[in-house]
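Okay, here's what each chain looks like letter by letter:
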Amino acid sequence: MNLLRRVPATSPLWMRRLAILSLIGQAGIMVTGAVVRVTGSGLGCPTWPNCFPGSLVPEPHPEIAPLTQWVEFGNRLLSVFLVIVAALTFLAALNTRPRRRRLTWLALAMPLGVVAQAVIGGFTVLAGLVWWSVMPHFLASTILVWLAVELVDEAAGGGQVTRTVPRPVRMLTVVSSVVLGALLVAGTLVTAAGPHAGDAATPRLDIGVPALAQLHADLLFAYLGLLVGLGFALWTAGADARLKRRYGVLVVVVLAQGALGGVQYTLGVPEVLVALHVLGAALTTAAAAGVWAATSHRAPAVPAVESPTSEPTLAASR
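So, here is what we can say about the structure in this document. Here the structure is a predicted model, which means the values were calculated and not measured.

## Focus on the overall build of the protein chain
Piece 1. Summing up its helical and strand segments, the protein chain has 9 helices and 2 strands in all.
Piece 2. Counted from the first residue to the last, the protein chain has its helices and strands arranged as α-α-α-α-α-β-α-α-α-α-β.
Piece 3. Within the protein chain, the proportion of its 318 residues that are buried is 46%.
Piece 4. When contacts within the protein chain are restricted to residue pairs at least 6 apart in sequence, those whose partners lie at least 24 apart make up 77%.
Piece 5. Carbon and sulfur atoms form 73% of the exposed surface of the protein chain, whose accessible area is close to 15600 Å².

## Regarding the state of the cysteines
Piece 1. For the coordinates displayed, the defined rule picks out 1 disulfide.
Piece 2. With its sulfur 2.1 Å from that of its partner, Cys45 forms a disulfide with Cys51. Given an S-S torsion of about -80°, the disulfide between Cys45 and Cys51 has left-handed geometry. Here Cys45 matches Cys51 in class, with each residue buried.

## Considerations on the packing of aromatic side chains
Piece 1. For the structure on display, the rule yields 3 aromatic pairs.
Piece 2. Ring centres 5.4 Å apart and planes at 85° place the aromatic pair Trp70 and Phe73 in the edge-to-face group. One end of the pair is Trp70 and the other is Phe73, both in helix H3 (residues 66-94) and 3 residues apart, which spans about a single turn.
Piece 3. Here Trp70 falls in the partly exposed class, since its relative accessible area comes to 47%.
Piece 4. Exposure remark for Phe73: the relative accessible area of 9% places this residue in the buried category.
Piece 5. Between the aromatic rings of Trp235 and Tyr247, the centroid separation amounts to 6.0 Å while the plane-to-plane angle is 70°, which identifies the pairing as edge-to-face. Here Trp235, found in helix H7 (residues 209-236), pairs with Tyr247, found in helix H8 (residues 241-266); they are 12 residues apart in sequence, far enough to count as distant.
Piece 6. The residue whose ring lies beneath Arg17 is Trp14, and the NZ or CZ to ring-centre distance is 4.9 Å.

## Describing the nonpolar core
Piece 1. Membership of the largest hydrophobic core comes to 30 residues, with the highest contact counts inside it found for Met15, Leu23, Leu103, Met110 and Leu151.
Piece 2. Those elements that provide at least two residues to this core are helix H2 (12-38), H3, helix H4 (101-126), helix H5 (131-155) and helix H9 (271-294).
Piece 3. Examining the composition of this core, we find that 8 residues originate from one element, H2, more than from any other.
Piece 4. Once you skip the residues sitting within four places of it in the chain, Leu103 turns out to touch Met15, Ala93, Thr96, Leu151, Glu154 and Ala155.
Piece 5. If you look at the next biggest cluster of nonpolar residues, it comprises 26 residues, including Leu180, Ala186, Leu227 and Leu230.

Thresholds applied
- Throughout, a residue's number is its position along its own chain's written sequence, starting from 1.
- Reporting of local features is limited, given that this is a predicted model, to residues whose pLDDT is at least 70; pairs of side-chain atoms are given and counted only at 80 or more, and all residues count toward the totals for whole chains, interfaces and linings.
- To obtain the side-chain values, all non-hydrogen atoms of the structure were used and water was disregarded.
- What counts as a helix is a DSSP run of H or I of at least four residues, what counts as a strand is a run of E of at least two, and both are numbered from the N terminus.
- Burial classes follow relative accessibility: with a 1.4 Å probe on protein chains only, a residue under 20% of its type's maximum area counts as buried, one over 50% as exposed, and anything between as partly exposed.
- Throughout, a contact is declared for two residues whenever any of their heavy atoms are within 4.5 Å.
- Per-residue and other accessible areas follow the Shrake-Rupley method at a 1.4 Å probe size, with only the shown protein chains counted as cover for residues.
- For the purposes of this analysis, a disulfide is any pair of cysteine sulfur atoms at a distance within 2.5 Å.
- Here a Phe, Tyr or Trp ring, Trp counted by its six-membered ring, pairs with any other such ring whose centre lies within 6.5 Å, and the pair is stacked when the planes are under 30 degrees apart, edge-to-face when over 60, and tilted otherwise.
- Placement of a positive charge over a ring is assigned whenever Lys NZ or Arg CZ falls within 6 Å of the ring centre and within 35 degrees of the normal to the ring plane.
- By nonpolar core is meant a set of buried Ala, Val, Leu, Ile, Met, Phe, Trp, Tyr and Cys residues that side-chain atoms within 4.5 Å join together.

What follows is the structure, given as structure tokens:
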């Protein structure tokens, strides 16, 4: 902590840039994880944390193609990059003046989340990519994407918080977010029963894909219905332009994601569309988090006044 006091305080611009970079990294790791699955590279590195016993990096192997090894290893390398970005984001939050409790905790969630994901990923590899071990790996990424959006929003202002919509509208946003969570879980179940396991020898969820796809579609329609209701509520409550704009982005992303999912299912889930669908899941999560964040407005933080002989003023928002 003393070292942080010797360097200039983090500017709001750099704090926001690092938060955005964390968000991009969290969404990116979801997409590269999907690429690992659809290319059958989940066991390209059959051990963890090493790629092979005694070797951190890929090496020639008679039973594992080099491309398969490097696809999986590339995903691991991205995780290392993400750890660095997340750590820098947390240090920047610690060095923000006045220090803000919510900003610090959201920033801390980034490195802790990446480390947790690495542990979950290692367990997934050691478990042979069994479907119930892969599901939490994906869902944890969606949680981190949501928190990263909150971090970006928090980095923009840490002053007094005001609600931009009445409590009933916020509760409707909560309900829609819960349904979105159920929709994402159903999507992982469809994947667990589908053809893209990450490795050809991995056992699949023994439930028919059509039944799970129907559940996924039903939850999508329920979510769309809630979004329609939320739209009417926002306009009735006189929501500000920022919230309406984010709501519009969410509707567009959800409709595009639904259309992509229908095309993907009709065509027999081709690999490229599966990866794009995962990207769509990340964008949908981010857009929904953006709507939730916009139901509150944070005024810019008031800089702390420091004297040469005094300790920096510490302030916590919320």
